[in-house]
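Topology and contacts: notes
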Number of protein chains: 2
Amino acid sequence: MHRTKVRIVEDALDANNTIARANRDDFDRHGVTVVNLMSAPGAGKTTLLERVLAEPLDDVRVGVLEGDVQGSYDADRLASLHVPVTQLNTGAGFGGECHLDANMVRSALPALPLDEIDLLVIENVGNLVCPAEFHVGEDVRAMVCSVTEGEDKPLKYPLMFRSCELVVINKLDLLPHVDVDLDRLLYHLDAVHPGVQTVAVSARTGAGIDEVREWFAAVVSDRATVA
Amino acid sequence: MHRTKVRIVEDALDANNTIARANRDDFDRHGVTVVNLMSAPGAGKTTLLERVLAEPLDDVRVGVLEGDVQGSYDADRLASLHVPVTQLNTGAGFGGECHLDANMVRSALPALPLDEIDLLVIENVGNLVCPAEFHVGEDVRAMVCSVTEGEDKPLKYPLMFRSCELVVINKLDLLPHVDVDLDRLLYHLDAVHPGVQTVAVSARTGAGIDEVREWFAAVVSDRATVA
């Protein structure tokens, strides 16, 4: 008698994870490393990308997938950087969702020049809750947290801060003008995600940007070494 | 023959709106005016409330319903103001939702001292997308938009800006330190919500807060006049 052992894989029931894995397979097949970049609205994701991509990232060829509820304001800002930018709106066809999910990113795959890039940065919708709940096929996650948002954000949105490999603390130039203690913010971050890598920057002045550039380049080279 | 004309009311199918109307009926029965206060994370809703409620609001008795994914950090901050504060978390029992909906607020009704207040301020979860989509039984909506979030937010999150009767522009004290033109922000706001009432404030310094206090008091007295 032939017996088949059936393993129940819990998250096989989760359609989003299934599609995220399919995305990941496609990215892998094209040798593309994917970073899911998240933050609250106005924390500075696009300004950070403008700084990071202002000059070539070693020999890494970068593409950007811009997630927004509607419009292409950020994509237009990045268009001058001479990197391929693809706009993905959650408003048209996806019900105005507050986050990207794997199926939305899958719908954008045919528009992405996967053979011509090594790194895809997916700029998610500005939101500290739902984007953290949906894998889209990324290798790593990074987030931007502005000092103007207050010291308490890691405590109030722990899933987001916990799910990221890098937390960029932005708007460092405003620190003298706000009632925020950077050490206290980092203490709260460490409480929800002990040991997570952080970089403090001012995307406005450019301070700290080199370290973020090195992180992006390392994400690509680390992955190439593993593969 | 007795004929009954059946009217199909489209949004009767919308469970949220049905429950929001039930909430509204309960608030009406107790003579409570309800303001749904929304913003991005860290825009300053709680600091604004600390300022607005630091002194009695004429003879208006105020209560606060604090919406958060988890924790009671904001409620703890408001506890010193001697107004009744009720915490409503979307994380426990509601799947960590990124917004309040009518059913969540309904679940909090038994905990609210409706007979002892004239005005209930519902501080929604920090998010510029989904909170705008869910009525919770409020009379009016107000939002806080910080100048540090950039000039483009009304264009990127138009539903939120369009659904509010008052837009409080916060962190005016930081305006000299950011690359944001207030006129341009107001121009974008007017493009998505022509004629909406605005107040520019610094919840940190207290500038402009009197005007916000007057708005809250007027919301209550206007409603009393209508009723």
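Below or above, wherever it landed, is the structure these notes cover. (Residues numbered from 1 in each chain as written. Chains lettered and ligands numbered in written order. Predicted model: local features only at pLDDT ≥ 70, side-chain atom pairs only at ≥ 80, totals over all residues. Heavy atoms only, no water.)

This part is about the relation of the copies chain A and chain B. Mapping chain A onto chain B calls for a screw motion: a turn of 180° about the axis and a shift of 0.0 Å along it, with 0.0 Å RMSD after fitting. Seen this way, the second copy is the image of the first under a two-fold rotation axis. Nearest to the rotation axis, the C-alpha of N127 of chain A is located 3.0 Å from it, this being the minimum over chain A. With an isologous cut-off of 70% or more, the 100% of interface residues of chain A that recur at the interface of chain B puts this contact in the isologous class. (Least-squares fit on C-alpha atoms with pLDDT ≥ 70 in both. Contact = heavy atoms within 4.5 Å.)

With that settled, the discussion passes to the pattern of salt bridges. Close approach of charged atoms lets side chains of opposite charge pair. Within the structure shown, the criterion is met by 32 salt bridges over all chains. The partner of D152 of chain A in a salt bridge is K153 of chain A, and the shortest N-O contact between them spans 2.6 Å. The exposure class of D152 of chain A is buried, given its relative accessible area of 16%. D68 of chain B serves as the salt-bridge partner of K156 of chain A, at 3.4 Å between the closest nitrogen and oxygen. A residue pair is termed interchain when its members come from two chains, as with K156 of chain A in helix α5 (residues 153–156) and D68 of chain B in strand β2 (residues 62–68). No difference in accessibility class separates K156 of chain A from D68 of chain B, as the two residues are buried. When salt bridges with common partners are traced through the structure, they connect E50, D68, D74 and R77 of chain A together with K156 of chain B into a single cluster. (Salt bridge = Lys/Arg side-chain N within 4 Å of Asp/Glu carboxyl O. Buried < 20%, exposed > 50% of the residue type's maximum accessible area, 1.4 Å probe, protein only. Helix = DSSP H or I, 4+ residues; strand = E, 2+ residues; numbered from the N terminus.)

Our next topic: the side chain of D101 of chain B. Residues and elements named next belong to chain B. Note that D101 resides in the loop between β3 (85–89) and α4 (102–108). At 11 Å, R106 is the nearest oppositely charged side chain to D101, a buried residue that forms no salt bridge. In this structure, D101 is in contact with N16, F134 and V136, ignoring residues within four places of it in sequence. (Lys, Arg positive; Asp, Glu negative; His and termini not counted.)

All names here are of chain A. A cluster of acidic residues, E55, D58, D59, D210, E211 and E214, forms a negative patch on the protein surface. By the element assignment, E55 lies in the loop between α2 (45–52) and β2 (62–68). On the basis of relative accessible area, E55 is assigned to the exposed category, the value being 56%. (Patch = residues over 30% accessible without salt bridge, like charges linked within 9 Å, V, L, I, M, F, W, Y side chains within 5 Å. Areas by Shrake-Rupley, 256 points an atom, 1.4 Å probe, with all protein chains shown as cover. Charge placed at Lys NZ, Arg CZ, Asp CG, Glu CD.)

Listed by partner, the interface residues are 34 residues for chain A and 34 residues for chain B. Each partner contributes to the roughly 2,700 Å² buried at the junction of chain A and chain B, and carbon and sulfur atoms together form 55% of this total. The largest per-residue losses of area from chain A upon contact with chain B belong to P41, K156 and H177 of chain A, which jointly make up 22% of the total buried on that side. Our enumeration of links across chain A and chain B arrives at six salt bridges. (Buried area = accessible area lost by both parts, 1.4 Å probe.)

Take the nonpolar core next. In this structure, L120 and F161 of chain A together with L120 and F161 of chain B are the most contacted members of the largest nonpolar core, which totals 79 residues. No other element matches helix α7 (residues 182–192) of chain A, which puts four residues into this core. For L120 of chain A, the contacting residues outside a window of four places in its chain are F27, V32, T33, V34, V35, G63, V64, L65 and L112 of chain A. (Core = buried A, V, L, I, M, F, W, Y, C linked by side-chain atoms within 4.5 Å.)

To continue, consider the sheet that holds strand β4 (residues 119–123) of chain B. Residue and element names in this part refer to chain B. Pairing is parallel across the open sheet formed by seven strands, whose spatial order is β3-β2-β4-β1-β5-β6-β7. The open sheet terminates on both sides in strands that have one partner only, identified here as β3 and β7 (197–200). On average, adjacent strands in this sheet sit at an angle of 20° to one another, irrespective of strand direction. Two elements, strand β1 (residues 33–39) and strand β5 (residues 140–146), share five bridges in a ladder whose sense is parallel. Bridging across to β5, S39 finds its partner in V144. Helix α7 (residues 182–192) contacts β5, β6 (166–170) and β7 of the sheet and is inclined by roughly 160° relative to β6. (Pairing = 2+ DSSP bridges. Axes fitted to C-alpha atoms, helices over the stretch in contact; angles between N-to-C directions.)

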